[in-house]
Amino acid sequence: MTDDTSPAAEETVAEEVVRDTPLAERVEAILLIIDEPIGLIALAAAVGAPVPAVRQTVETLVDDYDGNGHGPRRGFELREVGGGWRLYVRDDHDDLVAEFVGGQAPARLSQAALETLAVIAYKQPVTRSQVASIRAVNVDSVVRTLLARGLITELFADSETGAINYGTTDALLQHLGINSLDDLPPISPLLDDGADGFDESTIR
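Sequence positions are assigned chain by chain, starting from 1 and proceeding in written order. The predicted origin of the model limits local features to residues at a pLDDT of at least 70 and limits the giving and counting of side-chain atom pairs to 80 or more, whereas totals for whole chains, interfaces and linings rest on all residues. The basis for every side-chain value is the complete set of heavy atoms in the structure, and neither hydrogens nor water enter the calculation.

**Here's the deal with helix H8 (residues 140-148)**
Filter applied, for reference: Relative accessibility under 20% of the residue-type maximum defines a buried residue, over 50% an exposed one, and the middle range a partly exposed one, all with a 1.4 Å probe and only protein chains included. Secondary structure follows DSSP: runs of H or I at least 4 residues long count as helices, runs of E at least 2 residues long count as strands, and numbering of each begins at the N terminus. The arc in question is the one traced by the directions running from the helix axis out to the C-beta atoms.
For H8, every residue scored as buried is listed here: Val 142, Val 143 and Leu 146. Down the axis of H8, the buried side of the element spans an arc of 100°, and every buried residue falls inside it.

Encoded structure:
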């Protein structure tokens, strides 16, 4: 009986250990709920593990999702954007996802969703934290809803913070029956920088 201690074998064992440890599960749990890319330091703090261990776990998950491990290639990928990491649907499935979302039965937007959509429409490009500052409430779930409805989209990630900047889509223009954002009522000058929220007297 021979003991296979080749570097390749040791690397394979190490990857399997990392993938099956609770750390990998904790990392995946955080990655599933974030709306913006998260840096390794912040991710390590969130899961309570050293940065090198989290870095190795992330690298292993990337390979796993890409099908470079023992499992199949996934329909999503773990991508580094703006110095942070986040799960994304693979580009191959963009049309499929768009068709699915577009085929969902339309539902009325909540007041919170309408207010968030208005802020994004007038202040775009705007980050989720800026929208939350203006509305003075957490907007994570509302932003996810608007993304799923195809009314807003991710424009770009801030090069320094990694924060995603959002903007509206052509689908919103179609729903509003206008040709461009220039056709929106000119109330943008009435919105402040978000430090104090909306001035109710200007929007009644």
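Having seen it, we continue.
**A look at the packing of helix H2 (residues 22-33) against helix H4 (residues 51-65)**
For clarity, the threshold we go by: The angle between two axes is taken between their N-to-C directions and runs from 0 to 180 degrees, where each axis is a line fitted to C-alpha atoms and a helix contributes only its stretch in contact. Note on terminology: angles under 35 degrees are roughly parallel, angles over 145 are roughly antiparallel, angles of 65 to 115 are roughly perpendicular, and the others are oblique. The contact criterion used is simple: two residues touch if any of their non-hydrogen atoms lie within 4.5 Å. Here the nonpolar group is Ala, Val, Leu, Ile, Met, Phe, Trp, Tyr, Cys and Pro; Asp, Glu, Lys and Arg are the charged ones; every other residue, Gly included, is treated as polar.
The interhelical angle for the contact between H2 and H4, taken along N-to-C directions, is 75°, at an axis separation of 10 Å. Between H2 and H4, the crossing angle belongs to the class labelled roughly perpendicular. Residues Leu 23, Ala 24, Val 27, Glu 28 and Leu 31 of H2 pack against Ala 53, Val 54, Thr 57, Val 58, Leu 61 and Tyr 65 of H4. Looking at side-chain class alone, the contact of H2 with H4 contains nine nonpolar, one polar and one charged residues.

**Remarks on the packing of H2 against helix H3 (residues 40-47)**
The criterion, for reference: Put simply, a crossing is left-handed when the front helix is turned counterclockwise from the back one by less than a right angle, and right-handed when it is turned clockwise.
In contact at an axis separation of 10 Å, H2 and H3 are set at 115° when each is read in the N-to-C sense. On the basis of their axis angle, the class for H2 and H3 is roughly perpendicular. Every pair of crossing elements has a handedness; the one defined by H2 and H3 is right-handed. Each of Leu 23, Arg 26, Val 27 and Ile 30 in H2 lies in contact with H3, whose residues at this interface are Leu 43, Ala 46 and Val 47. When its residues are assigned to classes, the contact of H2 with H3 shows six nonpolar, no polar and one charged.

**Points about the sheet that holds strand S5 (residues 164-168)**
Defined as follows: Should DSSP find at least two bridges between two strands, the strands are regarded as paired.
Taken in spatial order, the three strands of this open sheet run S3-S5-S4, and their pairing is antiparallel. Only two strands of the sheet have a single neighbouring strand rather than two, namely strand S3 (126-127) and strand S4 (152-157). Two elements, S4 and S5, share five bridges in a ladder whose sense is antiparallel. Considered in S5, the bridge of Thr 153 is made with Gly 167. In the packing of helix H6 (residues 111-123) onto the sheet, contacts are made with S3, S4 and S5, and the angle to S5 comes to roughly 95°. Against the sheet, H8 contacts S4 and S5, and its axis sits at roughly 110° relative to S4.

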